[in-house]
Amino acid sequence: MSQLVTARIRGTAAKLGLPHLAESLNQYAERAEEGKLGYLDFLDLVLAEELAVRDDRRFRQGLRLSKLPHHKTLDDYDFSFQPELDPRKVKDLATLSFIEAKANAALLGPPGVGKTHLAVALAVAACRAGFSIYFTTLDDMVRQLKTAEAAGRLTSKLRSYLRPSVLVVDEVGYQPLERAEANLVFQVISKRYEKGSIILTSNKTFSKAHMFRRTRARCCRNFTGSMVSRRLPSHRGVRATRP
(Lines give C-alpha, C1' and ligand atoms only; values in the text may rest on other atoms or scores of the structure.)
Protein backbone atom coordinates (compact mmCIF):
# COMPACT_ATOMS: atom_id res chain seq x y z
CA MET A 1 0.00 0.00 0.00
CA SER A 2 1.52 3.31 -1.08
CA GLN A 3 2.21 6.05 1.44
CA LEU A 4 -0.15 8.36 -0.45
CA VAL A 5 -3.06 5.91 -0.20
CA THR A 6 -2.24 5.17 3.43
CA ALA A 7 -2.26 8.86 4.31
CA ARG A 8 -5.53 9.40 2.43
CA ILE A 9 -7.25 6.48 4.20
CA ARG A 10 -6.05 7.68 7.59
CA GLY A 11 -7.28 11.18 6.91
CA THR A 12 -10.66 9.94 5.74
CA ALA A 13 -10.96 7.60 8.74
CA ALA A 14 -10.23 10.47 11.11
CA LYS A 15 -12.90 12.63 9.49
CA LEU A 16 -15.41 9.78 9.78
CA GLY A 17 -14.64 9.41 13.48
CA LEU A 18 -12.82 6.07 13.08
CA PRO A 19 -9.61 6.71 15.01
CA HIS A 20 -8.85 3.03 15.58
CA LEU A 21 -8.87 2.38 11.84
CA ALA A 22 -6.50 5.29 11.30
CA GLU A 23 -4.13 3.99 13.98
CA SER A 24 -4.28 0.30 13.01
CA LEU A 25 -4.34 0.52 9.22
CA ASN A 26 -0.95 -1.13 8.73
CA GLN A 27 -1.87 -4.02 11.04
CA TYR A 28 -5.12 -4.56 9.16
CA ALA A 29 -3.28 -4.61 5.86
CA GLU A 30 -0.77 -7.14 7.22
CA ARG A 31 -3.52 -9.41 8.53
CA ALA A 32 -5.34 -9.22 5.21
CA GLU A 33 -2.20 -10.15 3.32
CA GLU A 34 -1.30 -13.00 5.68
CA GLY A 35 -4.83 -14.39 5.62
CA LYS A 36 -5.27 -13.77 1.92
CA LEU A 37 -8.54 -12.03 2.67
CA GLY A 38 -10.91 -11.05 -0.10
CA TYR A 39 -12.29 -7.52 -0.36
CA LEU A 40 -15.49 -8.26 1.57
CA ASP A 41 -13.64 -10.25 4.25
CA PHE A 42 -11.21 -7.40 4.71
CA LEU A 43 -14.05 -4.89 5.00
CA ASP A 44 -15.82 -7.16 7.48
CA LEU A 45 -12.64 -7.38 9.58
CA VAL A 46 -12.16 -3.62 9.69
CA LEU A 47 -15.80 -2.87 10.57
CA ALA A 48 -15.95 -5.57 13.25
CA GLU A 49 -12.77 -4.32 14.89
CA GLU A 50 -13.95 -0.72 14.79
CA LEU A 51 -17.31 -1.65 16.30
CA ALA A 52 -15.62 -3.63 19.09
CA VAL A 53 -13.38 -0.68 19.92
CA ARG A 54 -16.34 1.71 19.89
CA ASP A 55 -18.43 -0.58 22.12
CA ASP A 56 -15.56 -0.89 24.57
CA ARG A 57 -15.14 2.89 24.62
CA ARG A 58 -18.86 3.36 25.25
CA PHE A 59 -18.77 0.73 27.99
CA ARG A 60 -15.86 2.39 29.78
CA GLN A 61 -17.47 5.81 29.48
CA GLY A 62 -20.75 4.42 30.83
CA LEU A 63 -18.97 2.96 33.84
CA ARG A 64 -17.14 6.21 34.45
CA LEU A 65 -20.40 8.19 34.52
CA SER A 66 -22.36 5.58 36.46
CA LYS A 67 -20.86 6.37 39.90
CA LEU A 68 -20.71 2.67 40.69
CA PRO A 69 -18.61 2.07 43.83
CA HIS A 70 -16.71 -0.70 42.02
CA HIS A 71 -16.99 -2.73 38.82
CA LYS A 72 -17.29 -6.27 40.18
CA THR A 73 -19.07 -8.84 38.05
CA LEU A 74 -21.03 -12.00 38.76
CA ASP A 75 -17.85 -13.95 38.05
CA ASP A 76 -16.35 -12.25 41.10
CA TYR A 77 -19.22 -13.29 43.37
CA ASP A 78 -18.57 -16.26 45.66
CA PHE A 79 -21.82 -18.23 45.53
CA SER A 80 -20.38 -20.67 48.09
CA PHE A 81 -20.65 -17.78 50.56
CA GLN A 82 -24.43 -18.14 50.26
CA PRO A 83 -24.92 -21.80 49.25
CA GLU A 84 -28.72 -21.60 49.26
CA LEU A 85 -28.71 -18.88 46.63
CA ASP A 86 -29.24 -20.62 43.31
CA PRO A 87 -26.66 -19.16 40.87
CA ARG A 88 -28.94 -20.04 37.96
CA LYS A 89 -31.60 -17.68 39.22
CA VAL A 90 -29.17 -14.82 39.66
CA LYS A 91 -27.72 -15.48 36.23
CA ASP A 92 -31.27 -15.43 34.88
CA LEU A 93 -31.44 -11.82 36.05
CA ALA A 94 -28.13 -11.28 34.25
CA THR A 95 -29.86 -12.05 30.94
CA LEU A 96 -31.30 -8.56 31.49
CA SER A 97 -34.74 -9.54 30.25
CA PHE A 98 -36.24 -7.63 33.18
CA ILE A 99 -34.46 -4.50 32.00
CA GLU A 100 -35.71 -4.95 28.46
CA ALA A 101 -39.21 -5.21 29.94
CA LYS A 102 -38.60 -2.09 32.08
CA ALA A 103 -39.22 -4.22 35.16
CA ASN A 104 -37.39 -4.04 38.48
CA ALA A 105 -35.22 -6.20 40.72
CA ALA A 106 -35.02 -6.10 44.51
CA LEU A 107 -32.23 -7.72 46.53
CA LEU A 108 -33.30 -8.06 50.14
CA GLY A 109 -31.40 -9.10 53.27
CA PRO A 110 -29.20 -7.98 56.17
CA PRO A 111 -25.91 -6.10 55.73
CA GLY A 112 -22.82 -7.93 54.59
CA VAL A 113 -24.34 -10.68 52.45
CA GLY A 114 -23.41 -9.34 49.02
CA LYS A 115 -26.51 -7.43 47.91
CA THR A 116 -24.53 -4.45 46.64
CA HIS A 117 -22.08 -6.73 44.81
CA LEU A 118 -24.95 -8.42 42.95
CA ALA A 119 -26.66 -5.10 42.18
CA VAL A 120 -23.42 -3.65 40.80
CA ALA A 121 -22.74 -6.82 38.80
CA LEU A 122 -26.16 -6.59 37.16
CA ALA A 123 -25.54 -2.91 36.41
CA VAL A 124 -22.14 -3.68 34.85
CA ALA A 125 -23.76 -6.36 32.67
CA ALA A 126 -26.43 -3.87 31.64
CA CYS A 127 -23.80 -1.28 30.75
CA ARG A 128 -21.93 -3.86 28.67
CA ALA A 129 -25.19 -4.58 26.83
CA GLY A 130 -25.62 -0.91 25.95
CA PHE A 131 -27.98 0.30 28.68
CA SER A 132 -27.23 3.51 30.53
CA ILE A 133 -26.81 3.03 34.28
CA TYR A 134 -26.56 5.16 37.40
CA PHE A 135 -25.80 4.21 41.02
CA THR A 136 -26.80 5.98 44.21
CA THR A 137 -27.53 5.17 47.80
CA LEU A 138 -31.00 6.15 48.94
CA ASP A 139 -29.50 8.49 51.51
CA ASP A 140 -27.42 10.32 48.91
CA MET A 141 -30.33 10.54 46.48
CA VAL A 142 -32.55 12.09 49.14
CA ARG A 143 -29.80 14.53 50.13
CA GLN A 144 -29.24 15.57 46.51
CA LEU A 145 -32.97 16.01 45.86
CA LYS A 146 -33.48 18.08 49.03
CA THR A 147 -30.56 20.34 48.13
CA ALA A 148 -31.87 20.78 44.59
CA GLU A 149 -35.39 21.50 45.83
CA ALA A 150 -34.09 24.16 48.19
CA ALA A 151 -32.19 25.75 45.31
CA GLY A 152 -35.16 25.59 42.91
CA ARG A 153 -33.47 22.97 40.73
CA LEU A 154 -35.54 19.90 41.61
CA THR A 155 -36.79 19.25 38.08
CA SER A 156 -33.26 19.31 36.72
CA LYS A 157 -31.94 17.01 39.46
CA LEU A 158 -34.82 14.57 39.00
CA ARG A 159 -33.74 14.10 35.39
CA SER A 160 -30.41 12.65 36.53
CA TYR A 161 -32.35 9.83 38.21
CA LEU A 162 -34.92 9.47 35.43
CA ARG A 163 -32.57 9.50 32.45
CA PRO A 164 -30.68 6.19 32.84
CA SER A 165 -32.18 2.92 31.65
CA VAL A 166 -31.16 1.34 34.95
CA LEU A 167 -31.12 3.13 38.30
CA VAL A 168 -29.41 1.27 41.15
CA VAL A 169 -30.63 2.43 44.58
CA ASP A 170 -28.53 0.96 47.37
CA GLU A 171 -29.20 0.78 51.11
CA VAL A 172 -32.96 1.33 51.01
CA GLY A 173 -34.46 1.20 54.48
CA TYR A 174 -31.31 1.66 56.54
CA GLN A 175 -32.68 4.96 57.84
CA PRO A 176 -36.36 5.99 58.02
CA LEU A 177 -37.42 8.90 55.86
CA GLU A 178 -39.46 11.87 56.90
CA ARG A 179 -42.65 12.56 54.99
CA ALA A 180 -41.12 15.24 52.73
CA GLU A 181 -38.16 12.97 51.95
CA ALA A 182 -40.46 10.06 51.13
CA ASN A 183 -42.37 12.34 48.75
CA LEU A 184 -39.13 13.05 46.87
CA VAL A 185 -38.35 9.34 46.61
CA PHE A 186 -41.89 8.71 45.41
CA GLN A 187 -41.42 11.21 42.59
CA VAL A 188 -38.45 9.24 41.29
CA ILE A 189 -40.25 5.89 41.53
CA SER A 190 -43.47 7.22 40.05
CA LYS A 191 -41.84 9.02 37.12
CA ARG A 192 -39.72 5.96 36.26
CA TYR A 193 -42.80 3.73 36.26
CA GLU A 194 -42.77 1.61 33.07
CA LYS A 195 -40.06 3.88 31.64
CA GLY A 196 -36.94 2.32 33.14
CA SER A 197 -35.71 -0.30 35.58
CA ILE A 198 -34.68 0.06 39.20
CA ILE A 199 -32.38 -2.36 41.00
CA LEU A 200 -32.60 -1.79 44.73
CA THR A 201 -30.97 -3.35 47.77
CA SER A 202 -32.57 -3.27 51.18
CA ASN A 203 -32.24 -4.80 54.61
CA LYS A 204 -36.04 -4.70 54.93
CA THR A 205 -38.85 -6.79 53.52
CA PHE A 206 -41.53 -4.80 51.75
CA SER A 207 -43.93 -5.48 54.60
CA LYS A 208 -41.53 -3.43 56.74
CA ALA A 209 -40.78 -0.74 54.18
CA HIS A 210 -41.59 2.00 56.67
CA MET A 211 -39.26 4.41 54.92
CA PHE A 212 -41.92 4.99 52.26
CA ARG A 213 -44.79 5.63 54.70
CA ARG A 214 -47.79 6.84 52.66
CA THR A 215 -46.06 5.98 49.37
CA ARG A 216 -45.61 2.36 50.44
CA ALA A 217 -48.61 1.08 48.47
CA ARG A 218 -47.32 2.41 45.15
CA CYS A 219 -43.78 1.33 45.94
CA CYS A 220 -44.81 -2.21 46.81
CA ARG A 221 -46.96 -2.44 43.70
CA ASN A 222 -43.91 -1.56 41.62
CA PHE A 223 -41.60 -3.95 43.42
CA THR A 224 -43.58 -7.08 44.12
CA GLY A 225 -43.67 -10.11 41.88
CA SER A 226 -42.54 -13.69 41.60
CA MET A 227 -39.68 -14.92 43.76
CA VAL A 228 -36.71 -16.01 41.67
CA SER A 229 -34.62 -17.28 44.54
CA ARG A 230 -35.24 -19.15 47.75
CA ARG A 231 -34.84 -17.25 50.97
CA LEU A 232 -31.29 -17.51 52.29
CA PRO A 233 -30.32 -18.44 55.84
CA SER A 234 -29.59 -14.75 56.33
CA HIS A 235 -33.14 -13.99 55.16
CA ARG A 236 -31.90 -12.44 51.93
CA GLY A 237 -34.09 -12.84 48.89
CA VAL A 238 -33.73 -11.89 45.27
CA ARG A 239 -36.81 -10.74 43.41
CA ALA A 240 -37.39 -9.93 39.79
CA THR A 241 -40.43 -7.74 39.44
CA ARG A 242 -42.65 -6.15 36.87
CA PRO A 243 -44.00 -2.65 37.43
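Refer to the structure above for everything that follows.
Now for a description of the structure that goes with this document. Just so it is clear, the model here is predicted, and its values are computed rather than measured.

Some points on the nonpolar core
Okay, so step 1: Membership of the largest hydrophobic core comes to 29 residues, with the highest contact counts inside it found for Leu68, Ile133 and Ile199.
Okay, so step 2: Mapped by element, the contributors of at least two residues to this core are α3 (39-66), α4 (87-93), α5 (97-100), β1 (104-108), α6 (115-128), β2 (133-137) and β3 (166-172).
Okay, so step 3: With nine residues, the top contributor of residues to this core is α6.
Okay, so step 4: If sequence neighbours within four positions are ignored, Leu68 has contacts with Leu63, Val120, Ala123, Val124, Ile133 and Phe135.
Okay, so step 5: By size, the runner-up hydrophobic cluster in this structure holds 21 residues, among which are Leu158, Val188, Ile189 and Ile198.

Re helix α2 (residues 19-35)
Counting along an α-helix, one turn takes 3.6 residues, and residues three or four places apart therefore face a common direction.
Okay, so step 1: Across its 17 residues, α2 extends 24 Å between first and last C-alpha, which sits within 8% of the 24 Å expected from 1.5 Å per residue.
Okay, so step 2: The largest bend along α2 reaches roughly 65 degrees and is located at Leu25.
Okay, so step 3: All of the buried residues in α2 are His20, Leu21, Ala22, Ser24, Leu25, Tyr28 and Ala32.
Okay, so step 4: Buried residues along α2 sit in contact with α1 (3-15) and α3.
Okay, so step 5: Count one or two residues on from α2 and you reach Lys36, which has phi positive near 50 degrees.

Overview of the pairing of β1
Walk down a regular strand and you will see the side chains alternate between the two sheet faces.
Okay, so step 1: With respect to burial, β1 is a largely interior element, five of its five residues being buried.
Okay, so step 2: Here β1 shows no split at all, with Asn104, Ala106 and Leu108 on one side and Ala105 and Leu107 on the other all buried.
Okay, so step 3: Pairing between β1 and strand β4 (residues 197-202): four bridges, direction parallel. The residue of β4 that forms the bridge with Ala106 is Leu200.

Focus: a nonpolar patch on the surface
Okay, so step 1: Together, Leu40, Leu43 and Leu47 line one region of the surface with nonpolar side chains, adding up to about 330 Å² of accessible area.
Okay, so step 2: Inspection of the secondary structure assignment puts Leu43 in helix α3.
Okay, so step 3: Residue classification places Leu43 among the partly exposed residues on the basis of a relative accessible area of 45%.

Comments concerning the packing of helix α7 (residues 138-150) against helix α9 (residues 179-192)
How two helices sit against one another is set out by the angle between their axes and by the gap between those axes.
Okay, so step 1: Packing of α7 against α9 leaves a shortest axis separation of 10 Å and a crossing angle of 100 degrees. Relative to α9, α7 is oriented roughly perpendicular. Across from Leu138, Met141, Val142, Leu145, Lys146 and Glu149 in α7, the residues of α9 making contact are Glu181, Leu184, Val185 and Val188.
Okay, so step 2: When the residues that make up the contact of α7 with α9 are grouped by side-chain class, the tally is seven nonpolar, no polar and three charged.

What about the packing of helix α8 (residues 154-162) against α9?
Okay, so step 1: Contact pair α8 / α9: the axes reach a minimum separation of 10 Å and the direction vectors enclose 55 degrees. Comparing the axis directions of α8 and α9 gives the class oblique. Handedness of the crossing formed by α8 with α9: right-handed. In contact with Leu154, Leu158, Tyr161 and Leu162 of α8, α9 contributes Leu184, Gln187, Val188, Lys191 and Arg192.
Okay, so step 2: For the contact of α8 with α9, the per-class residue count stands at six nonpolar, one polar and two charged.

Reading guide: rules and limits
- Residues numbered from 1 in each chain as written.
- Predicted model: local features only at pLDDT ≥ 70, side-chain atom pairs only at ≥ 80, totals over all residues.
- Heavy atoms only, no water.
- Core = buried A, V, L, I, M, F, W, Y, C linked by side-chain atoms within 4.5 Å.
- Buried < 20%, exposed > 50% of the residue type's maximum accessible area, 1.4 Å probe, protein only.
- Helix = DSSP H or I, 4+ residues; strand = E, 2+ residues; numbered from the N terminus.
- Contact = heavy atoms within 4.5 Å.
- Expected span 1.5 Å × (residues − 1).
- Bend = angle between axes of the 7 residues up to and from the residue.
- Pairing = 2+ DSSP bridges.
- Patch = residues over 30% accessible without salt bridge, like charges linked within 9 Å, V, L, I, M, F, W, Y side chains within 5 Å.
- Areas by Shrake-Rupley, 256 points an atom, 1.4 Å probe, with all protein chains shown as cover.
- Salt bridge = Lys/Arg side-chain N within 4 Å of Asp/Glu carboxyl O.
- Axes fitted to C-alpha atoms, helices over the stretch in contact; angles between N-to-C directions.
- Parallel < 35°, antiparallel > 145°, perpendicular 65-115°, else oblique.
- Nonpolar A, V, L, I, M, F, W, Y, C, P; charged D, E, K, R; others polar.
- Left-handed = near helix turned anticlockwise from the far one by under 90°.

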